[in-house]
Amino acid sequence: MNLQAICHIPKSNYAYPYKENELHIRLRTAKDDVDQVEIIHGIKYDWKNNERHVMKKILTDEFYDYYQYNIICEDSRIGYYFGLTKGEKKLYYTELGFADKFNDDFAYCYFFQYPYINKVDVHKEPSWVQEAIFYQIFVERFFNGDVKNSPPDLTPWDADPDPKSFYGGDLKGIIDKLDYLKDLGINGIYLTPIFQSPSNHKYDTVNYFEIDNYFGDKEVFGELVQRAHDRGIRIVLDAVFNHCSNLFEPFLDAVEKGRESKYWEWFFIEDYPVKMDPPNYKTFGHVAYMPKLNTANPELKEYLLSAIRYWTTEYNIDGWRLDVSDEIDHLFWRDFRRVVKEINEEAVIIGENWHNALPWLMGDQFDSVMNYQVTKLSQDFFARSEISARSFEKGLSSLLIRYPDQVNEAMLNLLDSHDTERFLYTCQGRKEKLKNAAAFLFGYIGMPCTYYGTEIGMTGNYDPGCRKGFDWNQEHWDMELYQYYKKLISIRKKEKALQYGDITFLSTDSLFVMKREYNKECIYILINQREDVADYNLPKSSFEYNYVKELLSESEWKLEQGTLRIQIPAFTAFYIKLAE
Ligand code: ARE
């Protein structure tokens, strides 16, 4: 047995409460190493009634197998240890390490413990995340619904963007296109920033309490939220608190008065006079027009949180996406969560962390993060064909094991965004690759998010190329792609297995295979990313089924002698649904 590989960490992604009466325990071993893993668990103060259960192998990545067991408990003061078997060899794994024997009389000295599940510590996601289907809008480029509030010197809508160009997209434009979005089928919109700011992207806020004039006003915004809600669509706003604009009043005050300014401590200014080129204050990246905010300063913190309170309360919005969330202090985010959830427990909080975000996702800060790691894997597998189906699923497995199950259920999964190349661009225009990637995304656990225009075949390089005006001339749309997206969205909305189902990976050399299973219904997502036809024999199911349907083409199949051999054409995805 490879002991070095074995790992369990209490109060982490390896041991966390899923509900007040449900504790999830995971264990890592070396890949294909042990025959069986058991968990022995009991109530700490009543150890003699302990129970022994076999743990299920849930995931495998490049080097490790991962096992999980969910303890259902009325009394949550739990002790536990593991029993590992390999051939004749039996070993116990406790908090003190490995042993051949375990003396139950002294169990309390050895076992791992989960001392108590306090209800307030349970990471509770909004109840709707598993049914959410998001759409991201870069406001300046979606639709110009009110030409009266457009900036001067507009760039023609169909011209290629440069970092400074203005096109006139606004909030009224989104209202005008809500029926388009409703018809597409999405039920959540994430808007890039809408508060007053001199740039087209508005990530440099000048006033956190006002809507940008070129985007509209509070009345229009209120109308947008109301009309979206009327259509069952939620609205998530972008909170940019890592930095502000260099034209933000408090920064101007600090520039003018130096240390005498009551806002001096809101920033990280090294010296007076303040210099811009190069800046002698901390910034986002090396961007002088974005001075970094000192979110540990109590007055600034209260000011920013009051803005959050204002928009969440007055406009009844459904959540926040947090810009550069990984560079802001954790204490700020804990207070932020308290403020948001006190107003609306069902509001979602989505961080912008491109890397492992576990320290933000244990229940006291974010509900979710933008899943750029899935973006990267999807680019490698679907768009660039650089990795195999098996490598892709190993990559996904590593990501799934990083976080508690409720976090995986709430991750914002995306193929592209305003900060990446458009996925079709990465695919070098090969639409079938984008379609396969979308079929994966809408079948995967978490909230699928479509970047505006990806569904009609928009393409473009990294920022600013990915921020072109949405092309509303339907003659230019890739109608087949658009219909495919609509189909995927409608299936995702209908199928409980895709929203709530357990996930299992079963890829072969030639095929990516992912199974989602929920209450005697199961959907196999089979994706052929190769130039040849791929064969697949559906494995025996845990339940008897007679109903077999491929959901994307809506064709029904007959079982032959209880089995099904499927041929998947090159660069095609199938959603095979089995039911009783
Ligand atoms: C502007 C120009 C660009 C130019 C850039 C360079 O438009 O063409 O390349 O300046 O200075 C906003 C605007 C951008 C603007 C930028 C600076 O939207 O258009 O770029 O401000 O003025 C990292 C951060 C992550 C950040 C990305 C972009 O960690 O937080 O970089 N994303 C957010 C927003 C952006 C926004 C800002 C932050 C600033 O979503 O839109 O930019 O408010 C790895 C790293 C990550 C890194 C990632 C991408 O994974 O580990 O940390 O993300 O790559 O580079």
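Calculation rules
- Residues numbered from 1 in each chain as written.
- Predicted model: local features only at pLDDT ≥ 70, side-chain atom pairs only at ≥ 80, totals over all residues.
- Heavy atoms only, no water.
- Phe/Tyr/Trp six-rings, centres within 6.5 Å; stacked < 30°, edge-to-face > 60°.
- Helix = DSSP H or I, 4+ residues; strand = E, 2+ residues; numbered from the N terminus.
- Buried < 20%, exposed > 50% of the residue type's maximum accessible area, 1.4 Å probe, protein only.
- Lys NZ or Arg CZ within 6 Å of the ring centre and 35° of its normal.
- 1 Å grid on protein atoms, 1.4 Å probe; cavity = no way out; pocket = protein on both sides within 12 Å on 5 of 7 lines; lining within 4 Å.
- Points joined across faces, edges and corners; volume = space filled by probe spheres on them.
- Nonpolar A, V, L, I, M, F, W, Y, C, P; charged D, E, K, R; others polar.
- Salt bridge = Lys/Arg side-chain N within 4 Å of Asp/Glu carboxyl O.
- Near = heavy atom within 4 Å.
- Polar contact = N/O pair within 3.5 Å; in protein donor to acceptor, adjacent residues only side chain to side chain.
- Areas by Shrake-Rupley, 256 points an atom, 1.4 Å probe, with all protein chains shown as cover.
- Expected span 1.5 Å × (residues − 1).
- Contact = heavy atoms within 4.5 Å.
- Domains from an automatic or database assignment.
- Buried area = accessible area lost by both parts, 1.4 Å probe.

Asker: Explain the packing of aromatic side chains to me, using residue names and the numbers behind them.
Answerer: Given two aromatic rings, their pairing is described by the distance between the two centres and the angle made by the two planes. Tallying each qualifying case throughout the model produces 66 aromatic pairs. Relative to F470, the ring of Y180 has its centre 5.8 Å away and its plane inclined at 70°; by these criteria the two rings are edge-to-face. With Y180 in helix α3 (residues 178–184) and F470 in the loop between β22 (447–451) and α13 (479–494), this residue pair connects regions lying 290 residues apart in the sequence. Each member of the pair Y180 and F470 is classed as buried. Here F440 and F512 contribute two aromatic rings whose centre-to-centre distance is 5.8 Å and whose plane-to-plane angle is 80°, an arrangement assigned as edge-to-face. Of this pair, F440 sits in helix α12 (residues 431–443) while F512 sits in strand β24 (residues 512–518), and the two are 72 residues apart along the sequence. One Lys or Arg, R28, reaches over the ring of Y64 and ends 3.8 Å from the middle of that ring.

Asker: I'd like a rundown of empty space enclosed by the protein, residues and numbers included.
Answerer: The gaps left among the atoms become clear once a water-sized probe is rolled over them. Under the criterion given, the structure shown has 3 cavities of 30 Å³ or more. Roughly 100 Å³ of internal volume is contained in the largest cavity. Forming the boundary of the largest cavity are 16 residues, of which N371, L399, Y403, N408 and M411 lie nearest the centre. Breaking the lining of the largest cavity down by element, the ones donating at least two residues are β20 (368–371), α8 (372–383) and α9 (389–402). The class makeup of the residues in the lining of the largest cavity is 10 nonpolar, 5 polar and 1 charged. Taken as a whole, the second largest cavity holds about 70 Å³ of empty space. Contributing to the lining of the second largest cavity are 13 residues, with F195, Y208, D238, V240 and F241 lying nearest its centre. Of all the secondary structure elements, the ones that give two or more residues to the lining of the second largest cavity are β15 (234–239) and α6 (298–314). In terms of residue count, the dominant contributor to the lining of the second largest cavity is α6 (3 residues).

Asker: For the pattern of salt bridges, give the residues involved together with the corresponding values.
Answerer: All told, the structure shown has 45 salt bridges when counted by the stated rule. For K90, the salt bridge is made with E38, and the minimal N-O distance between the two is 3.7 Å. Placement of K90 in strand β8 (residues 89–94) and of E38 in strand β3 (residues 36–43) is noted, with a sequence separation of 52 residues between them. When salt bridges with common partners are traced through the structure, they connect D238, R321, D323 and E352 into a single cluster.

Asker: Hey, could you go over the site of the ligand for me, with residue numbers and the actual values?
Answerer: As a structural note, the neighbourhood of the ligand is formed by 18 residues, with Y289, E352, H355, D419 and D463 the closest of them. A distance of 2.6 Å is found between a nitrogen atom of the ligand and a side-chain nitrogen or oxygen belonging to E352. Burial of the ligand by the surrounding chains reaches 69%, relative to a free accessible area of 950 Å². Counting residues per element, the shell around the ligand draws most heavily on strand β17 (residues 287–291), at 3 residues.

Asker: Summarise helix α7 (residues 330–343); cite the residues concerned and give the values.
Answerer: Look at α7: 20 Å from first C-alpha to last across 14 residues, which is about the 20 Å you get at 1.5 Å a residue. Those residues of α7 that fall on the buried side of the exposure criterion are F332, W333, F336, R337, V339, V340 and K341. Residues of α7 that are buried make contact with α6, β18 (319–322) and β19 (348–351).

Asker: Summarise α8; cite the residues concerned and give the values.
Answerer: Burial within α8 is extensive, with 10 of its 12 residues counted as buried. For α8, every residue scored as buried is listed here: Y372, V374, T375, L377, S378, Q379, D380, F381, F382 and A383. One or two residues past the end of α8 sits S385, with phi positive at roughly 50°.

Asker: Could you give me a rundown of the domain arrangement of the protein chain, with the residues and numbers involved?
Answerer: For interface size, the figure often reported is the accessible area lost on association. Assigned domains within the protein chain: domain 1 (3–121), domain 2 (129–242 + 295–494) and domain 3 (501–579). Centre-to-centre, using C-alpha coordinates, domain 1 lies 38 Å away from domain 2. Of the residues lining the interface, 17 residues belong to domain 1; the matching set on domain 2 comes to 14 residues. Regarding the contact of domain 1 and domain 2, the summed buried area is about 1,200 Å², with carbon and sulfur atoms giving 54% of it. Interface area lost by domain 1 to domain 2 is led by N13, Y18 and L59, which between them contribute 36%. Applying the counting rule to domain 1 against domain 2 returns 2 salt bridges. For the salt bridge of E62 with K394, the shortest nitrogen-to-oxygen distance reads 4.0 Å. Counting every contact that joins domain 1 to domain 2 gives 12 residue pairs in polar contact (both at pLDDT 80 or more). For the side of domain 1 that touches domain 2, the elements supplying multiple residues, two or more each, are β1 (15–19), β2 (22–30), β5 (56–60) and β6 (64–72). A class-by-class count of the residues in the side of domain 1 that touches domain 2 yields 6 nonpolar, 5 polar and 6 charged.

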